[in-house]
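Take a look at the letters that make up each chain.
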Amino acid sequence: MSSLKPSQAGTLESNDIVITVGLGSKGEGIVIEMQSTVFAQYGEQIRKVIEDTVKGQGIADIYIKAVDRGALDCTVRARTLTALSRAGVEIKEGQVWS
Amino acid sequence: MITNAIGRAVPEQIEGYGRVKPFAGAFNTPPDMKRAAPAVKMRRPGESKLHGSLEEVFRAIPVKDGMTVSFHHHFRNGDYVLNMVLDTAARLGIKDLTVAMTALFPVHKPLLDHIKNGVVTDITTNYMSGPVADAVTRGILKRPVIMRTHGGRHRAIECGELKIDVAFIAAPACDDYGNLNGVMGPAACGSLSYAMADAEYADHVVVLTDFLCDYPLSPVSISQTRVDYVVKVDAIGDPKGIVSGTIRSIKDPVQLRIAQMAANVIKASGLIREGLSFQTGAGGATLATAQYLSKMIEEAGVTASFSVGGTTSFIVNMLNRGLLRKILDVQDFEREPIESIGSNPNHLEVSVDEYANPFNSGCIVNRLDTVILGATEIDMDFNVNVTTGSSGLIMGGSGGHSDSAAGAKLTIIVANLLRGRLSTVVDKTLTVTTPGESVDVLVTERGIAVNPLRKDLLEKMKAAGLPVKEIGELKAEAEKLAGVPGKIKTGDRAVAAIEYRDGTIIDVVRQVLD
């Protein structure tokens, strides 16, 4: 994944999330740094959705920063995919709505 | 620990408070005491009450370690008096004070320094938000904060449970002999309801004013007969802080839909009739409900008898248009009601005793047809939380919530089903402020739920074709959209005890660990 470039998707509006993609080092896996207004209630779930979305695109090493304002799962998935696409990942359509 | 009537575990004893009476139902713990009374006083002719500085008053009383000092919150987030008084106490080396403020706002952040330096060790209040509330929930105080309702605070003072040594009253206008009102001067705030119990029952009553008037002042809200000291200061508060963000005209279509449905609930219950009485709040959907309600009153050609509680310009407008006969006012949120209460004889200042005290021969909320209130959370038993927020931190309190809910024939909770990602309808609220037995209908953008205790209402709502659902169905809808929320982890230590209006403990707030 050395061809990835830093990218971002989303806003800080209520019910949205900002996903920033940075370069991950090979072998370090999927590193997710996260802030959320609903961290206590949904922190684990948001992390899982981001991780699953990234894995679904066949990515093994990546750094993602997520700043969440109460986004629903569908929004988290959409913003993650858009950020990945902007980073240069060729999105596999079949994986989008899984 | 003991389990109270709504299944909440409360301690048997609270340090600095005493033995806990567990909540037993809204009207199941009748009083068995006499009214408390402060010492009888005397003033000789020629004695002056006017003092040059707060320090001078502190020495004259004298204010000592361990005393309870009280304040009222009519300036809301624009209050200068609490900080001014505590700074004085700190300068004079006084320690271990209990602060009995009716409500604490972000402006009271300096209180934290006075907790750290030992000037203040205990707090009792009816509402708190901002840095003090955060620090309290994180455990800054050794003993729990006692959180009361507005009516319950008056009751606690009158029953001798909340003993005030020195009351500090912020007076927008005062003469040199202590007659004061809230309707004149550069910092006019309108009603001074919350300060009245303090003036009546404190051992020492100190008035701070930035508008000293010729004797005798009129009109009089609190009389010279109860005031011991008058101090002129530069400013008692910032009137802009009174309107601290609660009043906005509502454009959010979701809130408008909720408000419209709430008004339809009132109509379906048969209460749009001559002499209707109501209470609405100043925030979001409750304010918008007043607008729909007003339209219905006008269309039905009837007149409402009274509105009670905090007053907005919208309510004043109803009075002026003849849709409403009287406003019974405890607090003013805007310029227009402040002007109105000072000039319109049908706009009356009432004490909290009259408004909401459960232990007198009848308070105004007992005469309410309907009240529209908000909720942070509401559970399957219709218990409502307006005390703690989504992270477990205190960010409110009852104020008059439990009082009006208990008194009104029809108590309506208006709330978005989803706020951000969080459902308002939950299995069990983190904290209970108002018991479900005094809540009748929940109105959300995705339908309404009627308390099963009110079968009569359920029939009426269905007959009117309103979108009635089980409260559990609303919860399921929210979870389908947002997922099932994880539980907030809290510590074991109680950082606040929620006292119901009758002096029983309905719940405790537990420490938030970071």
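Everything below is about the structure printed above this text.
Residues numbered from 1 in each chain as written. Chains lettered and ligands numbered in written order. Predicted model: local features only at pLDDT ≥ 70, side-chain atom pairs only at ≥ 80, totals over all residues. Heavy atoms only, no water.

Draft legend 1. Quick peek at the interface of chain A and chain B. If you look at the interface, chain A gives 13 residues, while chain B gives 12 residues. For the chain A face of the interface with chain B, the top three residues by lost area are Gln41, Tyr42 and Leu72 of chain A, together amounting to 61%. Here chain A is connected to chain B by 1 salt bridge. Two residues, aspartate 73 of chain A and arginine 421 of chain B, come together in a salt bridge whose shortest N-O distance is 2.6 Å. Applying the counting criterion to the chain A and chain B interface returns 6 residue pairs in polar contact (both at pLDDT 80 or more). In terms of residue count, the dominant contributor to the side of chain A that touches chain B is helix α1 (residues 39-56) of chain A (5 residues). (Contact = heavy atoms within 4.5 Å. Buried area = accessible area lost by both parts, 1.4 Å probe. Salt bridge = Lys/Arg side-chain N within 4 Å of Asp/Glu carboxyl O. Polar contact = N/O pair within 3.5 Å; in protein donor to acceptor, adjacent residues only side chain to side chain. Helix = DSSP H or I, 4+ residues; strand = E, 2+ residues; numbered from the N terminus.)

Draft legend 2. Seen up close, the nonpolar core. Among the nonpolar cores identified, the biggest contains 80 residues, and Ile123 and Phe168 of chain B are the most heavily contacted of them. Here this core gets 6 residues from one element, more than from any other, and that element is strand β10 (residues 166-171) of chain B. Per-domain counts for this core show at least three residues from each of domain 1 (53-243) and domain 2 (253-485) of chain B. With residues up to four places along the chain from it excluded, the contact list for isoleucine 123 of chain B reads Val99, Leu104, Leu111, Ile115, Val132, Val136, Leu141, Val145 and Ile146 of chain B. Counting residues in hydrophobic clusters, the runner-up holds 58 residues, among them Ile19 of chain A together with Val352, Cys363 and Leu442 of chain B. (Core = buried A, V, L, I, M, F, W, Y, C linked by side-chain atoms within 4.5 Å. Buried < 20%, exposed > 50% of the residue type's maximum accessible area, 1.4 Å probe, protein only. Domains from an automatic or database assignment.)

Draft legend 3. Up close: α1 of chain A. Residue and element names in this part refer to chain A. Its 18 residues give α1 an end-to-end C-alpha distance of 24 Å, which sits within 8% of 26 Å, the value for a rise of 1.5 Å per residue. Turning to α1, its buried residues are Gln41, Tyr42, Gly43, Ile46, Val49, Ile50, Thr53, Val54 and Gly56. Looking one or two residues beyond α1, the residue adopting positive phi is glycine 58, at roughly 75 degrees. (Expected span 1.5 Å × (residues − 1).)

Draft legend 4. Highlighting the pairing of strand β20 (residues 370-373) of chain B. Residues and elements named next belong to chain B. The alternating pattern of β20 places Thr370 and Ile372 on one face and Val371 and Leu373 on the opposite face, and all of these are buried. Taken together, the 3 bridges between strand β16 (residues 277-280) and β20 define a ladder with parallel strand orientation. Following the sheet pairing, glutamine 279 is matched in β20 by valine 371. Pairing analysis gives 4 bridges linking β20 to strand β23 (residues 410-414), with the strands arranged parallel. Note that in β23 the partner of leucine 373 across the bridge is isoleucine 413. (Pairing = 2+ DSSP bridges.)

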